[in-house]
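# Secondary and tertiary structure notes
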Amino acid sequence: MRCLLVDVDILFKIAGIGIVVSILSKVLDEAGRKEQAQMTTLVGVVVVLMMVIQLVAELFSKVKTMFQLY
Amino acid sequence: MFLKLIGGAMVILSCSMIGFIIAASYKQRPDTLRNLQAALSMMESEINYGQTPMPEALSRVAKNCEGEVSELFRKTKTHIISHSGFTPSEGWEMALKDFSMNTALKQVDIEILSAFGKYLGSTDRDDQIKKIELAIAGLKQQETIALEEKIKNEKLWKYLGVLSGIMFFLLLY
């Protein structure tokens, strides 16, 4: 019985990427390569942002059709 | 569903292995440098105290070493005693080329060995000893640097391999 209309897979993906990026950033920081640690954090944020933007676009289109706005 | 899991496992495994292989090369460099130093100092004793001729000295050293260092000395000896008229220096150079293909040593180390090889067998005994000691000193310096690099990099690459595998798996799932 699914109560959520949202695709749960994407949530797991985002959570997984978040965990992996934080571990990677910590490991690179420990090894002394601070710039690369910050770079991977940035890349992770960008990737997650792209995923989230897709969902937000879907949300907007659904809202438009729901209220039959232009 | 199952196929996805198997594919994902393969992605994670292969990325981890790439990371492990890179980490292993960082681990191997100090060891190879140490073996080379031992082999060169063995050669020094053979030349200095044993007065053994070059091919026999090379094969004795090769017998007491293991792995690629032993191969290097054995190949040099083979080139020298073959009837193609190679000088010891040329024989060393050719064996060094094969050696440098499959080794974890960097260009700096190969250059030290190559510079040493130019004088191999062409000068008198004391000069040979000096050249050997010079090479050993150079290798020891590189070994210190290599140990530092190893401590920094080995764990890092292992983690990087595994984590990037997991990342690719998550992205492509």
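Each remark here, short or long, concerns the structure printed above.
Residues numbered from 1 in each chain as written. Chains lettered and ligands numbered in written order. Predicted model: local features only at pLDDT ≥ 70, side-chain atom pairs only at ≥ 80, totals over all residues. Heavy atoms only, no water.

All names here are of chain B. Judged by nonpolar contacts, the single largest core of 31 residues is most densely connected at Leu36, Leu40, Met43, Phe73, Trp92 and Phe99. Mapped onto this core, the elements with two or more residues apiece are helix 1 (2-50), helix 2 (54-64), helix 3 (67-81), helix 4 (88-101), helix 5 (107-118) and helix 6 (125-172). Look past the residues within four positions of Met43 in its chain and what remains in contact with it is Met54, Leu58, Val61, Phe73, Leu120 and Ile132. (Core = buried A, V, L, I, M, F, W, Y, C linked by side-chain atoms within 4.5 Å. Buried < 20%, exposed > 50% of the residue type's maximum accessible area, 1.4 Å probe, protein only. Helix = DSSP H or I, 4+ residues; strand = E, 2+ residues; numbered from the N terminus. Contact = heavy atoms within 4.5 Å.)

Within the secondary structure layout, A:Met50 lies in helix 2 (residues 34-67). Residue A:Met50 is classed as exposed on the basis of its relative accessible area, which comes to 53%.

Take the side chain of B:Asn153 next. Among the structural elements, B:Asn153 can be located in helix 6. When its relative accessible area of 5% is taken as the criterion, B:Asn153 is described as buried.

So, about the packing of aromatic side chains. All names here are of chain B. Applying the stated rule across the entire model yields 2 aromatic pairs over all chains. Ring centres of Phe73 and Trp92 lie 5.7 Å apart, and the angle between their planes is 75°; this geometry places the pair in the edge-to-face category. Highlighted residues: Phe73 in helix 3 and Trp92 in helix 4, separated in sequence by 19 residues. Phe73 sits in the buried class, given a relative accessible area of 1%. Judged by centre distance (5.4 Å) and plane angle (85°), the ring pair of Trp92 and Phe116 falls under edge-to-face. In this pair, Trp92 is assigned in helix 4 and Phe116 in helix 5, connecting sequence segments 24 residues apart. On the basis of relative accessible area, Phe116 is assigned to the buried category, the value being 5%. (Phe/Tyr/Trp six-rings, centres within 6.5 Å; stacked < 30°, edge-to-face > 60°.)

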